[in-house]
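Geometric and topological summary
What follows is each chain in one-letter form.
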Amino acid sequence: MDTTDISGHWRLPAPRPVALAVWRRNVRVWRRLMLPSLVLNFGEPFLYLLGLGFGLGQFIGEMEGIGYFAFLASGLVASSGMMVASYEGIYSVYTRMVPQKTYDGMLATPVRIDDIVAGEMLWCATKGTISGSAILIVATLLGAVAGVEALLCLPLLFLVGLAFAGPAIAVSAVAPSYDFFSYYITLVMTPMFILCGVFYPVSSLPEAAQHAVLVLPLTHAVALIRPLVTGAPLSDVTMHLGVLTGFAVVGFYVAVALVRRRFVV
């Protein structure tokens, strides 16, 4: 591998179709663990919806004119895209990057860093979509989904996965060890999970906090997915899609640059 100056790490990415080979490689590995993975994808949301949706929902009733069970289910569909794509982007990507040295083997072929990161982002988004779909199926079986327009959540979940995959891979590229990820989970993912409208409306936060969470991608994911699940009217679609797309594009660029720097290519 040729070394370059630092500015070379930040040149624009140029992924190629071979990135799909990286995605396919991850699919083949996942298929070996597909059954337990799917059981967790269905079992965990069922417990959330049963304990919080039915249990807590009996005391809350409605929230923003929506039954709390449906309100929570739609929020969990959106947050699952964040959680699963992020965990795949930090723990699994780091494992392939460092301990397993999978990327070293890939870079011995015509595959480049740009292709690897693009393939990893596609896989992170795919896993986020699978997890979100599992929650959507459970919510449908439990009567929380209003209509067939909820199917539009599937492409949205893929976009949500892309929005969170880039930042997660960027964190993996600078992480010295697995312990480093606790900072990202505690300082980034957990606040979004709590503050971005999954469990209660963003409008119930203090005004300053409402403005702050508008810059966080999960807020926009929830704002798009909740109306599709509950049958409420959509609003500000262009803005929400623009924010998620922006996180996906910028996240990809930063992730590629930092992975290049880690491998000095």
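Heads up: the structure comes first, above all this text.
Summary of the structure given here. (Residues numbered from 1 in each chain as written. Predicted model: local features only at pLDDT ≥ 70, side-chain atom pairs only at ≥ 80, totals over all residues. Heavy atoms only, no water.)

**Points about the nonpolar core**
- One finds Val 117, Phe 164, Leu 218, Ile 225 and Val 259 to be the most contacted residues of the largest nonpolar core, which totals 68 residues.
- When residues of this core are traced back to their parent elements, those giving at least two are α2 (19–31), α4 (68–97), α5 (102–107), α6 (113–141), α7 (153–174), α8 (181–195), α10 (217–230) and α11 (237–263).
- In terms of residue count, the dominant contributor to this core is α4 (13 residues).
- Every residue in contact with Val 259, bar those within four places of it in the chain, is listed here: Met 97, Ile 113, Val 117, Ile 169 and Ala 173.
- The next biggest cluster of nonpolar side chains, apart from the first, holds nine residues, and it includes Ile 90, Tyr 94, Phe 181 and Ile 185. (Core = buried A, V, L, I, M, F, W, Y, C linked by side-chain atoms within 4.5 Å. Buried < 20%, exposed > 50% of the residue type's maximum accessible area, 1.4 Å probe, protein only. Helix = DSSP H or I, 4+ residues; strand = E, 2+ residues; numbered from the N terminus. Contact = heavy atoms within 4.5 Å.)

**Here we look at the packing of α2 against α6**
- Contact pair α2 / α6: the axes reach a minimum separation of 7 Å and the direction vectors enclose 45°. When the interaxial angle is binned, α2 and α6 end up oblique. Judged by the twist between their axes, the crossing of α2 over α6 is right-handed. Packed against α2, whose contacting residues are Ala 19, Leu 20, Val 22, Trp 23, Asn 26, Val 27 and Trp 30, the element α6 presents Asp 115, Ile 116, Ala 118, Gly 119, Glu 120, Leu 122, Trp 123, Thr 126, Lys 127 and Ile 130 at the interface.
- Grouping the constituent residues of the contact of α2 with α6 by class yields eleven nonpolar, three polar and three charged. (Axes fitted to C-alpha atoms, helices over the stretch in contact; angles between N-to-C directions. Parallel < 35°, antiparallel > 145°, perpendicular 65-115°, else oblique. Left-handed = near helix turned anticlockwise from the far one by under 90°. Nonpolar A, V, L, I, M, F, W, Y, C, P; charged D, E, K, R; others polar.)

**A word on the pattern of salt bridges**
- Per the stated rule, a full pass over the model turns up five salt bridges.
- Across the pair Lys 127 and Glu 88 runs a salt bridge, and its minimum N-O distance is 3.3 Å. Pair noted here: Lys 127 is in helix α6 and Glu 88 is in helix α4, with a separation of 39 residues, a long-range link.
- Connected via shared salt-bridge partners are Glu 88, Arg 96, Glu 120 and Lys 127. (Salt bridge = Lys/Arg side-chain N within 4 Å of Asp/Glu carboxyl O.)

**Comments concerning the environment of Thr 102**
- Note that Thr 102 resides in helix α5.
- Residue classification places Thr 102 among the buried positions, given a relative accessible area of 15%.
- Not counting residues within four places of it along the chain, the set of residues in contact with Thr 102 comprises Arg 25 and Arg 96.

**Examining α10**
- With 14 residues, α10 extends 20 Å between its outermost C-alpha atoms, agreeing within 8% with the 20 Å of an ideal straight helix rising 1.5 Å per residue.
- A positive phi of about 85° marks Gly 231, the residue just after α10. (Expected span 1.5 Å × (residues − 1).)

**Focus on the packing of α7 against α10**
- Running from N to C, α7 and α10 point in directions that differ by 170°, and their axes come no closer than 11 Å. Between α7 and α10, the interaxial angle falls into the category roughly antiparallel. Where α7 approaches α10, its residues Cys 153, Leu 156, Leu 157, Val 160 and Phe 164 are matched on the opposing element by Pro 217, Leu 218, Ala 221, Leu 224, Ile 225, Leu 228 and Val 229.
- For the contact of α7 with α10, the class distribution of residues is twelve nonpolar, no polar and no charged.

**A word on the state of the cysteines**
- Here the structure, examined in full by the defined rule, presents zero disulfides.
- Cysteine Cys 153 shares no disulfide, and the gap to the nearest cysteine sulfur, in Cys 196, comes to 17 Å.
- Overall, the relative accessible area of 0% leaves Cys 153 in the buried class. (Disulfide = S-S within 2.5 Å.)

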